[in-house]
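Observations on the three-dimensional arrangement
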Amino acid sequence: MPALRKATKSDPARQIAALPIKVKEDGTLQVLMVTSRGTLRWVMPMGWTMDGKKPWRAAEIEALEEAGAVGFVGTDPLGKYRYTKILDDGHGVPVRVKLYPMVVERLQKRWKERRDRKRRWFSLANAAKRVDEPELQAILERLA
């Protein structure tokens, strides 16, 4: 995690995230969220950029590993948001996240992090109320 040690407010560490969505029969959108490992907050599937992988491909991998979501990820980010990652030693590190849209085709019954996380579908408006990051909240509200 060398990116964490070098991260500053003006040059934050970089992560990618998927915004897994589906269209309900009534035409409304829902977003799939997962619980974080440490705080059990509802978050988007996210992770660090991956060497040799395009960022949207890394977001697709994170959605599969963290939520068991399989689908199609767009190559253009919906936006960016910032948060502070709290490390094991209690220090906070600034992180900038690029958010990529993902249309979920199906959910796997068994996935890599199923024992560590819960997953749940929310309306966009309800998802916006559950996240702590103001910039992510604004993206969700805009989509709603």
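Everything below is about the structure shown above.
These figures come from a predicted structure and were not determined experimentally.

As for the overall build of the chain
Within the chain one finds 4 helices and 8 strands. Each helix and strand of the chain, placed in order from N terminus to C terminus, yields the pattern α-β-β-β-β-α-β-β-β-β-α-α. In terms of C-alpha radius of gyration, the chain reaches 15 Å, essentially the compact-globule figure of 15 Å for 144 residues. Every one of the 144 residues in the chain was classed for burial, and the buried ones make up 42%. Residue pairs at least 24 apart in sequence account for 65% of intrachain contacts in the chain once pairs closer than 6 positions are excluded. Accessible surface for the chain amounts to roughly 8500 Å². Of this, 50% is attributable to carbon and sulfur atoms.

Re helix α2 (residues 55-67)
The terminal C-alpha atoms of α2 lie 18 Å apart, and with 13 residues this matches the ideal 18 Å at 1.5 Å per residue to within 8%. Within the span of α2, buried status applies to A58, A59, I61, E62, A63, E66 and A67. On the buried face of α2, the contacting elements are β1 (13-23), β2 (29-35), β4 (46-48), β5 (69-73), β7 (92-107) and β8 (119-123).

Considering the environment of W48
Along the chain, W48 falls in strand β4. W48 gets classed as partly exposed once you look at its relative accessible area, which sits at 25%. Taking the C-alpha atoms as reference, W48 lies 19 Å from L32; in sequence the two are 16 residues apart.

Side note on the packing of aromatic side chains
Between two aromatic rings, the relevant description is the distance of the centres plus the angle of the planes. Going through the model one piece at a time under the given rule, you end up with 1 aromatic pair. Between the NZ or CZ atom of K22 and the centre of the ring of W121, over which it lies, the distance is 4.5 Å.

Digging into helix α4 (residues 134-143)
Of the positions making up α4, those classed as buried are L136, I139 and L140. When α4 is viewed along its axis, its buried side chains cluster within an angular range of 95 degrees and face the same direction. Among the exposed residues of α4, those oriented more than 90 degrees off its buried face are P134 and R142. On its buried side, α4 packs onto β1, β6 (79-86), β7 and α3 (124-130).

Some remarks on the environment of G79
Mapped onto the elements of the fold, G79 is located in strand β6. The spatial distance from the C-alpha of G79 to the C-alpha of I139 is 7.0 Å, given a sequence separation of 60 residues.

Some details on the nonpolar core
In this structure, V31, M33, M44, Y81, L99 and L140 are the most contacted members of the largest nonpolar core, which totals 37 residues. The contacts of M33, once residues within four sequence positions are left out, are W42, V43, M44, K118, R119, R120, F122, A127 and V131.

Quick word on the side chain of E62
Checked against the element boundaries, E62 lands in helix α2. Summary of buried charges: E62 has no salt-bridge partner, and the nearest side chain of opposite charge, R117, is 6.3 Å away. If we skip the residues at most four places from it in the chain, E62 touches I16, P45, M46, G47, W48, M50 and A67.

A few points about the pairing of β7
Here 9 bridges tie β1 to β7, and the two strands are oriented parallel to one another. Bridging across to β7, R14 finds its partner in R96. Bridging between β5 and β7 involves 5 bridges; their strand directions are antiparallel. Across the sheet, residue V73 finds its bridge partner in β7, namely M102. The pairing of β6 with β7 spans 8 bridges and is antiparallel. Each residue of the ladder has a partner; that of Y81, found in β7, is V97.

Rules used in this analysis
- Counting from 1, residues in each chain are numbered in the order their sequence is written.
- This being a predicted model, a pLDDT of at least 70 is required before a residue's local features are given, and a value of 80 or more before pairs of side-chain atoms are given or counted; all residues contribute to the totals for chains, interfaces and linings.
- Hydrogens are left out, water is left out, and the side-chain values use all remaining heavy atoms of the structure.
- Under the scheme used here, helices are H or I runs from DSSP no shorter than 4 residues and strands are E runs no shorter than 2 residues, and both carry numbers assigned from the N terminus.
- Both definitions apply: the radius of gyration is a C-alpha atom measure, and the globule rule equals 2.2 Å times residues to the power 0.38.
- Accessibility here uses a 1.4 Å probe with only protein chains present; expressed as a share of the type maximum, an area under 20% marks a residue as buried, one over 50% as exposed, and anything in between as partly exposed.
- Whether two residues are in contact is decided by their heavy atoms: any pair within 4.5 Å suffices.
- The protein chains shown are the only cover counted for residues, whose accessible areas, like all others here, come from Shrake-Rupley with a 1.4 Å probe.
- To estimate how far a helix should reach, multiply one less than its number of residues by 1.5 Å.
- To pair, rings of Phe, Tyr and Trp, with the six-membered ring standing in for Trp, must have centres within 6.5 Å; the planes then decide the type, stacked if under 30 degrees apart, edge-to-face if over 60, and tilted in the middle.
- Any Lys NZ or Arg CZ that is within 6 Å of a ring centre and within 35 degrees of that ring's normal is treated as a charge sitting over the ring.
- Note that the arc is defined by the directions from the helix axis to the C-beta atoms.
- Put simply, buried Ala, Val, Leu, Ile, Met, Phe, Trp, Tyr and Cys residues joined by side-chain atoms within 4.5 Å make one nonpolar core.
- Two residue types count as positive, namely Lys and Arg, and two as negative, namely Asp and Glu; His and chain ends fall outside the count.
- Salt bridges are defined as contacts in which a side-chain nitrogen from Lys or Arg sits within 4 Å of a carboxyl oxygen from Asp or Glu.
- One requirement defines pairing of two strands: DSSP has to find at least two bridges between them.

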